[in-house]
Every structure is written in structure tokens, then in C-alpha cells.
Amino acid sequence: MSSSPLAAPLDVELRPDRPAILHVESPGDAASWAAQYRESLRAQVTEHGALVVRGLALRDIGQVGAVFAGLADGLMTEREAFAPREAYGPGLYASTTWPANQPMCMHHELSYTLDVPGLMLFACLTAPDQGGATAVADAEEMLRALPADLRERFEREGWILTRSYNDEIGASLEESFGTDDRAEIERYCREHAIDATWGPDGSLRTRQRRSAVVRHPVTGRSCWFNQIAFLNQWTLTPEVREYLVDEYGEDGLPFNTRYGDGTPIGEDVVELLNTTYEQHTRREPWQAGDLMLVDNIRTAHSREPFTGERQVLVGMAEPRRLADGRPAAEGGRR
């Protein structure tokens, strides 16, 4: 494969402030190209954590779906979504509905589920006028950068996600669980270690405890892997948080996170986590036609505020049930 564009080191552009970028000449049939170079692309993702492929000239939803199919053995159906997405086909989604002027801070997709996607696939059909990058941050570097006492506490206890489902905000029961049948939702929760409580009005409140630090299934190295900051009340803009607390109360927020022992996480800790992420963020503005592959366990990703139209498609692949994805019952690691 010496003549492959992946074999020339200079074709992968490496800079400390950007994800790795692979420049290719338009292959004509992008889906066949993706399938042909799948293993080489995955090797780049394993090495760098994330890879932008520029030059494929992706133009439409069908083409993106074919490229994603060439890169993965099937796409995952999202479960436990926190916000609605438009689906374009099995496992092919629009990016999460989220106000354009508000950031989605760093997180690992579906890190609160038991079956987590090992690989995230993104494709940009329309690039925004300004902003809107899907930025990335290395989870190994993030873990090393955290204060030792905080890191050790989260390693020992894990973290708790609480959610309150209602008909007014966030994903509906059907959007999150794939059904609104109460018995089926209860079965799913039992099978996925989620405590579920129904309110008299039919609303649902859930609680699940997960590990904050896991070992990467390929490299064996420890990674900061969670959505502690992203889904915490203190990451919300002050006006949004005040409205939600006034409307639903602190115990009825659509989502919130706590330490694994149930203690609230302070605003200072959430600010520290987000600041540390920012110090390790790499960003590259989207160009129309770009493809991006992200190792979801090694690499967190975000979505920055933007202006103009932005169309980014998303696929999740390689589901993994991590051996250490849940803390032991008494707060120790498994």
C-alpha cells in the first residue's frame, strides 16, 4: 500500500492545537474508498484519537450513510438520548438539537450507558459561517491534568446521572428508550442498571451510577470517560438554569450529575473540569465535505457555538460494554 495516500506521512497534518488531518484527493466513489482504507483510517484514529479526512467532498445524506457503512460493521441505534435528533436511517442521525449560540461542552458520547460507542463518525454537509467546530480533547491527558484528590475520588466513587423525563424539555420517553410502553421501559432500566421511579403524573425519574475513569479496551491506558461536567446543572447558562430550577426544582432538573456517593458537585468543580478541558482542546473549523472519526473512549468532543447554517451528520459504531464501566457497589473499582 506504499502508493496509498495514507502511507505518506506528510499527508497527515499534525499540530498541537488541531486534530490530525488527512488530506486526500477526491476518490470519486467515497464509500468504496472508505471501505478500502478502513483499517488504515482506524489505525490513524488509534494513534491520534481523532482524525479529520478532508477532500472526500461528501455532498448528500445517502453518500454519508454509505461512507459510514464502509467504515463500521453496522451503526448503533441511540438509546438514552438526552435531546432529540432527526434520524435519516438506521443509526444515521442529525447532530443533537441544541441552541446555536450555546456550546455543548466536552463529553464522551453516551458514557452513561452500559453499551458505549467505541467510534464516533461525523460528516459535514454544510459548514457554518463562523464557529461550530466539533473540537476534541485527549482523555488520557485530561486525567493526568486533574488534581490528584479529585481524580482519586472520582476513580473510587464514579459518578451519578439523574434524569427527569417530562413532555416539555429534552428527549421524550420514546425518543430516549425507543418506546413509551411503561413495562418495556422498566425492563430496559432493569437490564441496564438504572433505578427508575414513576411519578403520579406519568413522568419518569432515573438514576444510574457509572465509572468516571475506565481503561481503554485497546491500549489498556486509563481515560477520563464521562459526562460529569456536560450534564451538570452548573454548565447550563445562568438564565437557563434559573428557569429550570424555578420550574422543576433542583431535584426535578431534566438532567444533573453528582459524585458517586450522591453528594452534589459544586460549581467550582464543574468550572475546573471545563477549564481543564479547554486547556487540552484541539479544534479545526469544519469545511463542507469533511469526514471526522473519533475514538469515543480516548477522546472527548464538543460542539462550539456558531452562526449560519450547520449540517453535521452523526453515526455511532463499535458498541463496547466496558468491564470497568460501573463502580463496585461500595464505591471501589471493579
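About the thresholds
Residues numbered from 1 in each chain as written. Predicted model: local features only at pLDDT ≥ 70, side-chain atom pairs only at ≥ 80, totals over all residues. Heavy atoms only, no water. Pairing = 2+ DSSP bridges. Helix = DSSP H or I, 4+ residues; strand = E, 2+ residues; numbered from the N terminus. Contact = heavy atoms within 4.5 Å. Buried < 20%, exposed > 50% of the residue type's maximum accessible area, 1.4 Å probe, protein only. Axes fitted to C-alpha atoms, helices over the stretch in contact; angles between N-to-C directions. Polar contact = N/O pair within 3.5 Å; in protein donor to acceptor, adjacent residues only side chain to side chain. Salt bridge = Lys/Arg side-chain N within 4 Å of Asp/Glu carboxyl O. 1 Å grid on protein atoms, 1.4 Å probe; cavity = no way out; pocket = protein on both sides within 12 Å on 5 of 7 lines; lining within 4 Å. Points joined across faces, edges and corners; volume = space filled by probe spheres on them. Arc of directions from axis to C-beta. Patch = residues over 30% accessible without salt bridge, like charges linked within 9 Å, V, L, I, M, F, W, Y side chains within 5 Å. Areas by Shrake-Rupley, 256 points an atom, 1.4 Å probe, with all protein chains shown as cover. Lys, Arg positive; Asp, Glu negative; His and termini not counted. Charge placed at Lys NZ, Arg CZ, Asp CG, Glu CD.

**Concerning the sheet that holds strand E9 (residues 136–138)**
What links the strands of a sheet is backbone hydrogen bonding, and the strands pair in either a parallel or an antiparallel sense.
So, point 1. Judged by pairing direction, the sheet is antiparallel, and its four strands sit side by side in the order E6-E18-E9-E16 without closing on themselves. A strand with exactly one partner marks an edge of an open sheet, and here the two such strands are strand E6 (104–107) and strand E16 (281–282).

**Examining the side chain of serine 111**
So, point 1. Here serine 111 lies in the loop between E6 and strand E7 (115–126).
So, point 2. For serine 111, the contacting residues outside a window of four places in its chain are Val116, Trp159, Arg210, Phe225, Asn226 and Gln227.

**A look at the environment of asparagine 101**
So, point 1. Within the element layout of this structure, asparagine 101 appears in the loop between strand E5 (92–94) and E6.
So, point 2. By relative accessible area, which is 62% here, asparagine 101 ends up exposed.
So, point 3. Sequence spacing of asparagine 101 and aspartate 129 is 28 residues, and the spatial spacing of their C-alpha atoms is 13 Å.

**Things to note about the sheet that holds strand E15 (residues 255–259)**
So, point 1. Judged by pairing direction, the sheet is antiparallel, and its four strands sit side by side in the order E11-E12-E10-E15 without closing on themselves. Each of the sheet's edge strands pairs with one partner strand only, and the pair in question is strand E11 (195–198) and E15. Here the average twist between neighbouring strands, direction ignored, is 15°.
So, point 2. Two elements, strand E10 (residues 159–165) and E15, share five bridges in a ladder whose sense is antiparallel.

**Thoughts on the side chain of serine 176**
So, point 1. Note that serine 176 resides in helix H6 (residues 173–177).
So, point 2. Of the residues examined, serine 176 reaches a relative accessible area of 0% and is grouped as buried.
So, point 3. For serine 176, the side chain forms a polar contact with the side chain of tyrosine 165, separated by 3.3 Å.
So, point 4. Not counting the four nearest positions on each side in its chain, serine 176 is found in contact with Arg79, Glu80, Ala81, Arg163, Tyr165 and Ala171.

**Notes on the pairing of strand E17 (residues 291–295)**
So, point 1. Within E17, five of the five residues are buried, which leaves the element mostly enclosed by the surrounding structure.
So, point 2. A two-sided burial pattern is seen for E17, the buried positions comprising Leu291, Leu293 and Asp295 on one face and Met292 and Val294 on the other.
So, point 3. Across four bridges, strand E3 (residues 50–54) lies against E17 in antiparallel orientation. When the bridges of E17 are listed, valine 52 appears paired with methionine 292.
So, point 4. The pairing of E7 with E17 spans five bridges and is classified as antiparallel. The residue of E17 that forms the bridge with alanine 123 is leucine 291.

**Looking at the pattern of salt bridges**
So, point 1. Enumeration according to the criterion identifies 23 salt bridges in this entry.
So, point 2. Close ionic contact of glutamate 13 with arginine 18 constitutes a salt bridge, the shortest N to O distance being 2.9 Å.
So, point 3. When its relative accessible area of 12% is taken as the criterion, arginine 18 is described as buried.
So, point 4. Of the charged contacts in the structure, one is a salt bridge between aspartate 17 and arginine 15, with a shortest N-O distance of 3.1 Å.
So, point 5. For arginine 15, a relative accessible area of 40% corresponds to the partly exposed category.
So, point 6. Members of the salt-bridge network, linked through shared partners, are Glu13, Arg18, Arg54, Glu284 and Asp290.

**Notes on the layout of surface pockets**
So, point 1. Quantified by volume, the largest pocket comes out at close to 410 Å³.
So, point 2. Taken together, 24 residues make up the lining of the largest pocket; nearest its centre are Pro103, Met104, Cys105, Thr235 and Asn274.
So, point 3. Where the lining of the largest pocket is concerned, the elements lending two or more residues are E6, helix H9 (267–279) and strand E18 (299–303).
So, point 4. In terms of residue count, H9 provides more of the lining of the largest pocket than any other element does, six residues in total.

**Some remarks on helix H5 (residues 148–157)**
So, point 1. Regarding H5, the residues found buried are Leu150, Phe154 and Glu157. Projection of H5 onto a plane perpendicular to its axis shows the buried side chains occupying an angular sector of 85°, all on one side.
So, point 2. If you follow the buried residues of H5, they end up packed against E10, strand E12 (204–210), strand E14 (222–224), E15 and H9.
So, point 3. Just past H5, the residue glycine 158 takes up positive phi, approximately 75°.

**Brief notes about a negative patch on the surface**
So, point 1. The grouping of Asp167, Glu168, Asp201, Glu239, Glu242, Asp246 and Glu247 at the surface amounts to a negative patch.
So, point 2. In this structure, glutamate 168 sits in the loop between E10 and H6.
So, point 3. Judged by its relative accessible area of 60%, glutamate 168 is exposed.

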